[in-house]
Amino acid sequence: MSNNDIFEMDSVTETEEMEGDTELGMIDEEVVYPEEFLPTYESIKEGTKVAKAELTEFNDKEDSLFFNDGVRRIDFILVYEDEDKKEFEKRHTFQRKKRRREYFEASLMKMGMELEATKSVIDEKLTFVKVHMPWDVLCTYAEVLHIKLPIQANDLSSQPSPWRYLSCITKYFYPNEDLIRKEAEFFTAPFEKDRLDYFYVRDRDTFFTQSMRSRMAYYILSRAPYEIRGSIKKFGITKLLDGGVYKAAYPLHDCRFNVKSKEEDCPNERFLLYEEWAHPKSFYKMQPLDLIRKYYGEKIGIYFAWLGFYTIMLALAAVVGLGCFIYGYKTQETSTWSKEVCDPEIGGKIVMCPQCDRECKYWRLNSTCEASKKLCIFDNFGTLVFAVFMSIWVTLFLEFWKRYQAELEYEWDTVAFLEQEEPPRPEYEAKCIYERKNPVTGVKEKVPYTACGRCVRVSIGIGTVLFWILLIVASIVAITVYRLAAFFAFSARLRAQDLKELEPLKEYVTPQMATSVTASLISFVVIMILNILYERVAIWITDFELPRTKTDYENSLTLKMFLFQFVNYYSSCFYIAFAKGKAVGYPGDPVYLLGKYRNEECDPGGCLIELTTQLSIIMGGKAIWNNIQEVLLPWVKNLIFRYCTRVASEKVIPRWEQDYQLQPVSKLGLFYEYLEMVIQFGFVTLFVASFPLAPVLALVNNLFEIRVDAWKITTQFRRVVPEKAQDIGAWQPILQGVAILAVATNAMIIAFTSDMIPRLVYYWSFSVYPYGDYPGHTMQGYINSSLSIFNTDDFSNFSMPISKVPNMTTCRYRDFRFPPGHDRQYEYTMQYWHVIAAKMAFIIVVEHIVYLTKFILSYVIPDVPYAVKEQIKREKYLTQVILHETNLKLVSKRLKPVIDDTLKVTEASMAMDDLELGF
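Keep in mind the model is a prediction, meaning the values are calculated, not measured. (Residues numbered from 1 in each chain as written. Predicted model: local features only at pLDDT ≥ 70, side-chain atom pairs only at ≥ 80, totals over all residues. Heavy atoms only, no water.)

Colleague: I'd love a proper account of the overall build of the chain, names of residues and values included.
Modeller: The helix and strand tally for the chain stands at 26 helices and 20 strands. Out of the 919 residues in the chain, the part that is buried amounts to 51%. A separation threshold of at least 6 residues defines the contact pool for the chain, and within that pool the share at least 24 residues apart is 77%. As displayed, the chain has an accessible area near 44,700 Å², and 60% of this comes from carbon and sulfur atoms. (Helix = DSSP H or I, 4+ residues; strand = E, 2+ residues; numbered from the N terminus. Buried < 20%, exposed > 50% of the residue type's maximum accessible area, 1.4 Å probe, protein only. Contact = heavy atoms within 4.5 Å. Areas by Shrake-Rupley, 256 points an atom, 1.4 Å probe, with all protein chains shown as cover.)

Below is the structure:
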């Protein structure tokens, strides 16, 4: 391969195409790829007649998965629109596509693949190209992709299930074993063509599963050239799809989802998955993970395994969270401080200072009676216990998931799935023009950029991500300004005593609540809009960075998207939890944002109820929106497509055309499914101290999510190209980071957002001597103690309320400051400093205790179960024995002629000696 050769996947301009349209513009290079990537590639010489796929008629077998001969299995389907059927004036513009398609198909056949074309039954313009990989080609690329295949039956006894004694009950919660039989277990090894005799080949037709065949077919399709002009080589099915040369490319489903196939020996795996997994009637059953992995590949399988495990673990958190909520609901009427707020003799006589300048009015404390009762449900000692429990629950969840993941890695043969085994992305290979020495192998290899060029690409990517994060921060500031302006308006209206139209809701609708709800809705809309915009930017940045493998690409994109989503979804919650009401000054000297907008204050009970409102709106809105996107849109699109392409009922539609009518799979695959769940995981863990029902809502959502995703992927979408995956990728460290951050956020929510610490300080220190007048520890008098006094004459001209109450000289506000007339009036009291010290001590103590507990649990619980370690060692031993025996046989085979010659010479010399002795 010459150093001047340039690989491309981008199309050139149409003018260049028309100018360069010689016969096929071939070049004389022998290879486009290094032999280890595409060993069967052979270039097509200039002037060579291009082979074409054989065109056959449909044989009326609607469920057939084979060529017309009934022998060769269909491994992939390509769909194109016949250019000759176009209108005459447009036909010349489609000749370029035709040349590329014909050369691409000729390249596939040159590499050993077999093609057969069939016209569409529904639309005469469409042609379906069936792709088949013969046995020899399968063996070649199984070795290239390091596919692990069985060598010997597993002779290690599996550990009996601890639930075996309850099998009479638990069997109803598992898929029907008569329909989905358990797969036989084998020890496996990476396939090698030269050692075929040592692999367990019972039947060549089933030795490679359909998902393996599809994976190998796609590997070749994504690297086969479709045009070579001069030193520019263009290749890959991806660009042909983007350029409209092909309409679609996909592996086949094995049958219809709700009807068994009429073909003999069809496994009907799609039908079984629908009946035992995707159908709503099976919502209570465990997932058939082995069948999911076998049909869709390890990547889909590991996602559903993780989602199922997460949902099971959520059940425990949901039970505890529900118990905490019930405890708060039952005790809300017994809260002393809430009773004081609602008491006409206490809260009814306390006049609060206006919470905005000029327009706001004085208001009675008991107008927040209902809000204070609702706050008691979430702001109680049970919440503290639940927050600590959730911090430990997160650690247990992650540690037990690692163990479960290790079991799946072994069972699904992904233990040794290393980066060296994963081939480079075609987009990466297309740009490889620089040469470097591989630091591992010492061999020269091609790379798409120099060290300096890589730094430039990464720097541009980081800069772009930071810019968009700053854009989110700007939107947060804008929403904050809205909150301040809206609170000003709501305060002026809702505090009016003559507001008759809201009379039934008056005691529930406070200015804080109205502002919080409307701001949450606006925040949700802004989040969704920014998500759509940023998705395109993140994909462009990641494409520009050119990661080597698909795993690297997905990890890079995952990190970018999550950083953005983290700020986008959680910023408003962080603002309410840790910024709102923390720097408001006092009525005589309020703090202003941007020098104009007065900072908003919390309710007398704190901002916790507002944080709860924000969480419930975002979680609920997000769940509803996602379900609309995941269920309704694909179903409507398929319905419209079927309506537009409907045919007479007597026509038989082949399997490949039925699949073409389904929705194509997104290029990002499972990315949004993971993102949705990880964002939810953040809501469940980061802010659970303010909303104990979050795990309950997450559990209900996930029970639907599993079945919705299963239904969607089984019934509404074409079959996914199977992919190998060892774990959940970059999401694992993200989950661990969220778990560590959750300890700090929950401790800070309890300390700074809730009123628990001030109440405890009052109960233990300021309700009794020397600060209080009560003989014993009590919560009586807490409300009066937590509200400072302000002289109405001390208002500035700018903040002086327009409406005045006669004979009122003072009002109250939420803070710990000295009263007017004191030597240190409006300065912080000793109680304030006690509260601050208690908050800091609480955070430090709780964080250290929880982090120590997490560390101990992480250390005690091994990541890989002992039984799995033993099986891995056994498999490695067997592989080494087989390799050793193979090498011995190869050596013996090579030495055999030499030994035979030596024996012949020896025998001849001995015969001569005998003759001499005879003479």
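Colleague: So, unusual backbone geometry: which residues are in play, and what are the values?
Modeller: Cis geometry marks the peptide bond from Tyr769 to Pro770; its omega dihedral reads 15 degrees. With phi around 60 degrees, Asp413 is a residue other than glycine that occupies positive phi space. The residue Asp413 is located in the loop between helix H13 (381–411) and helix H14 (426–430) in this model. Positive phi, close to 55 degrees, is recorded for Leu546, a residue that is not glycine. Note on placement: Leu546 falls in the loop between helix H16 (511–545) and helix H17 (550–578).

Colleague: Could you give me a rundown of the pairing of strand E4 (residues 114–119), with the residues and numbers involved?
Modeller: One ladder, built from three bridges, connects strand E2 (residues 54–56) with E4; its direction is parallel. The residue bridging Thr56 from the neighbouring strand is Thr118, located in E4. Here six bridges tie E4 to strand E5 (residues 126–132), and the two strands are oriented antiparallel to one another. Residue Glu116 lies in a different strand from E5, and its bridge partner there is Lys130. (Pairing = 2+ DSSP bridges.)

Colleague: Explain the sheet that holds E2 residue by residue, including any values.
Modeller: In space, the five strands of this open sheet follow the order E2-E4-E5-E3-E10, with mixed pairing throughout. Only two strands of the sheet have a single neighbouring strand rather than two, namely E2 and strand E10 (248–250). Here the average twist between neighbouring strands, direction ignored, is 25 degrees. Across the sheet, helix H6 (residues 210–221) is in contact with strand E3 (76–81) and E5; its angle to E3 comes to roughly 45 degrees. (Axes fitted to C-alpha atoms, helices over the stretch in contact; angles between N-to-C directions.)

Colleague: Describe the confidence of the model for the chain, and please don't skip the residues or the numbers.
Modeller: Counting all residues, the mean pLDDT for the chain is 81, and 84% of those residues have values of 70 or more. Averaged pLDDT values over the elements of the chain bottom out at 38 in helix H1 (residues 14–19) and peak at 94 in E10. Of the regions scoring below 50 in pLDDT, residues 1–35 engages in 83 contacts with residues more than four places distant in sequence or in other chains. (pLDDT = per-residue confidence, 0-100.)

Colleague: Hey, could you go over the nonpolar core for me, with residue numbers and the actual values?
Modeller: Trp306 and Phe683 are the most contacted members of the largest nonpolar core, which totals 135 residues. The leading source of residues in this core is helix H10 (residues 298–331), at 14 residues. Ranked by size, the runner-up nonpolar core spans 56 residues in total, among them Val50, Phe104, Val131 and Leu240. (Core = buried A, V, L, I, M, F, W, Y, C linked by side-chain atoms within 4.5 Å.)

Colleague: Residue-level account of the environment of Phe564, with values.
Modeller: By secondary structure assignment, the location of Phe564 is in helix H17. With relative accessibility at 0%, the residue Phe564 sits in the buried group. Put simply, Phe564 and Glu535 are 29 residues apart on the chain and 9.6 Å apart in space, counted from C-alpha to C-alpha. Sequence-distant contacts of Phe564, that is, excluding residues within four places in its chain, are made with Trp468, Ile472, Leu530, Asn531 and Tyr534.

Colleague: If you had to explain the packing of H13 against helix H25 (residues 830–860) to someone new, which residues and values would you point to?
Modeller: Taken N-terminus to C-terminus, the directions of H13 and H25 make an angle of 25 degrees; their axes are 10 Å apart at the nearest point. As judged from the angle between their axes, H13 and H25 are roughly parallel. The two elements H13 and H25 meet at a crossing, and its hand is right-handed. Where H13 approaches H25, its residues Leu384, Val388, Ser391, Ile392, Val394, Thr395, Leu396 and Glu399 are matched on the opposing element by Phe842, Val850, Thr853, Lys854, Leu857 and Ser858. Here the residues of the contact of H13 with H25 are counted per class, giving eight nonpolar, four polar and two charged. (Parallel < 35°, antiparallel > 145°, perpendicular 65-115°, else oblique. Left-handed = near helix turned anticlockwise from the far one by under 90°. Nonpolar A, V, L, I, M, F, W, Y, C, P; charged D, E, K, R; others polar.)

Colleague: Give me the lowdown on a nonpolar patch on the surface, citing residues and values where you can.
Modeller: A cluster of nonpolar side chains, Ile169, Tyr172, Phe173, Tyr174, Phe283, Tyr284, Met286 and Ile312, forms an exposed patch at the surface whose accessible area comes to about 840 Å². Secondary-structure assignment places Phe173 in the loop between helix H4 (167–170) and strand E7 (186–190). (Patch = residues over 30% accessible without salt bridge, like charges linked within 9 Å, V, L, I, M, F, W, Y side chains within 5 Å. Salt bridge = Lys/Arg side-chain N within 4 Å of Asp/Glu carboxyl O.)

Colleague: A description of the packing of helix H20 (residues 671–686) against helix H21 (residues 694–716) should follow, citing residues and the corresponding values.
Modeller: In the contact formed by H20 and H21, the axes pass within 10 Å of each other and the chain directions differ by 170 degrees. It follows that H20 is roughly antiparallel to H21 by the angle criterion. Only Ala694, Pro695, Ala698, Asn701, Asn702, Glu705, Asp709 and Lys712 of H21 make contact with H20, whose side of the interface consists of Glu673, Glu676, Met677, Gln680, Phe683 and Val684. When grouped by side-chain class, the residues that make up the contact of H20 with H21 number six nonpolar, three polar and five charged.

Colleague: Summarise the state of the cysteines; cite the residues concerned and give the values.
Modeller: In the structure shown here, the tally under the stated rule is three disulfides. The side chain of Cys342 participates in a disulfide bridge whose partner is Cys369; the two sulfur atoms lie 1.9 Å from each other. The sign of the 100 degrees torsion about the S-S bond sets the Cys342-Cys369 disulfide as right-handed. You can see Cys342 sitting in helix H11 (residues 336–342) and its partner Cys369 sitting in helix H12 (residues 369–378), a full 27 residues away along the chain. The two residues Cys342 and Cys369 agree in class, both being buried. (Disulfide = S-S within 2.5 Å.)

Colleague: For the packing of aromatic side chains, give the residues involved together with the corresponding values.
Modeller: In this structure the tally under the stated criterion is 61 aromatic pairs. Measuring from centroid to centroid gives 5.9 Å for Trp401 and Tyr404, while their planes differ by 65 degrees, and the two rings are edge-to-face. Of this pair, Trp401 and Tyr404 are both found in helix H13, three residues apart, which corresponds to roughly one turn of the helix. Given the relative accessible area of 0%, Trp401 is considered buried. Classification of Tyr404 as partly exposed rests on a relative accessible area of 24%. A cation over a ring is seen here: Arg817 above Tyr828, with NZ or CZ 4.3 Å from the ring centre. (Phe/Tyr/Trp six-rings, centres within 6.5 Å; stacked < 30°, edge-to-face > 60°. Lys NZ or Arg CZ within 6 Å of the ring centre and 35° of its normal.)

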